[in-house]
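Spelled out from the first residue to the last, the chains are:
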Amino acid sequence: MVYVFYNPLSNNKQGEKVFSKVKSLLSNEECSAINVLEINDIKTCLTKPCESDKLVICGGDGTLHHFVNDIYNAFGSPDSIKAELLYYPSGSGNDFMHDVA
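The notes below deal with the structure included here. (Residues numbered from 1 in each chain as written. Predicted model: local features only at pLDDT ≥ 70, side-chain atom pairs only at ≥ 80, totals over all residues. Heavy atoms only, no water.)

1. Quick word on the nonpolar core
If you look at the biggest cluster of nonpolar residues, it comprises 16 residues, and the most contacted ones within it are Phe-5, Leu-46, Leu-55, Phe-67, Ile-71, Phe-75 and Ile-81. Breaking this core down by element, the ones donating at least two residues are strand E1 (2-6), helix H3 (42-47), strand E3 (54-59) and helix H4 (61-75). A per-element tally of this core places H4 first, with 5 residues. Apart from the residues within four sequence positions on either side, Leu-55 is in contact with Tyr-3, Phe-5, Leu-46, Pro-49, Ile-81, Ala-83, Glu-84, Leu-85 and Leu-86. (Core = buried A, V, L, I, M, F, W, Y, C linked by side-chain atoms within 4.5 Å. Buried < 20%, exposed > 50% of the residue type's maximum accessible area, 1.4 Å probe, protein only. Helix = DSSP H or I, 4+ residues; strand = E, 2+ residues; numbered from the N terminus. Contact = heavy atoms within 4.5 Å.)

2. Regarding H4
With 15 residues, H4 extends 21 Å between its outermost C-alpha atoms, agreeing within 8% with the 21 Å of an ideal straight helix rising 1.5 Å per residue. By the burial criterion, the buried members of H4 are Thr-63, Leu-64, Phe-67, Ile-71, Ala-74 and Phe-75. For H4, the arc enclosing every buried residue in end-on projection is 105°, short of the 170-degree limit, so these residues lie on one face. Exposed positions of H4 whose direction lies more than 90 degrees from the buried face are His-66 and Asn-73. With its phi angle positive at about 85°, Gly-76 sits one or two positions after the end of H4. (Expected span 1.5 Å × (residues − 1). Arc of directions from axis to C-beta.)

3. Overview of the sheet that holds strand E4 (residues 84-89)
Taken in spatial order, the 4 strands of this open sheet run E2-E1-E3-E4, and their pairing is parallel. Sheet topology places strand E2 (31-35) and E4 at the edges, where each strand pairs with a single neighbour. The sheet shows a mean angle of 20° between the axes of neighbouring strands, taken without regard to direction. Here E3 pairs with E4 via 6 bridges, running parallel. Its bridge partner lying in E4, Gly-59 is registered against Pro-89. (Pairing = 2+ DSSP bridges. Axes fitted to C-alpha atoms, helices over the stretch in contact; angles between N-to-C directions.)

By themselves, these figures tell us nothing about what the structure is for.
And the structure:
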């Protein structure tokens, strides 16, 4: 299972289109869309996936910043997340991706 975390407000409110694009790229895998603005309990949300699952974070620097901080606030470290964690840059600002690419 691939859990795709997307921000509908990212990239000037183009987040839904980005999710559709990511889903088409993962056409051979079962996908679950998770709107990051609707997450009430990040810890429960991130401990559900198992080691064979993937978590894809879609968005720009703002989405990534909030997501990373939520992980550290909930767990203290990303080591508690068993699934593979991936990033799909799709915001209007992608400085993080430019720095690591």
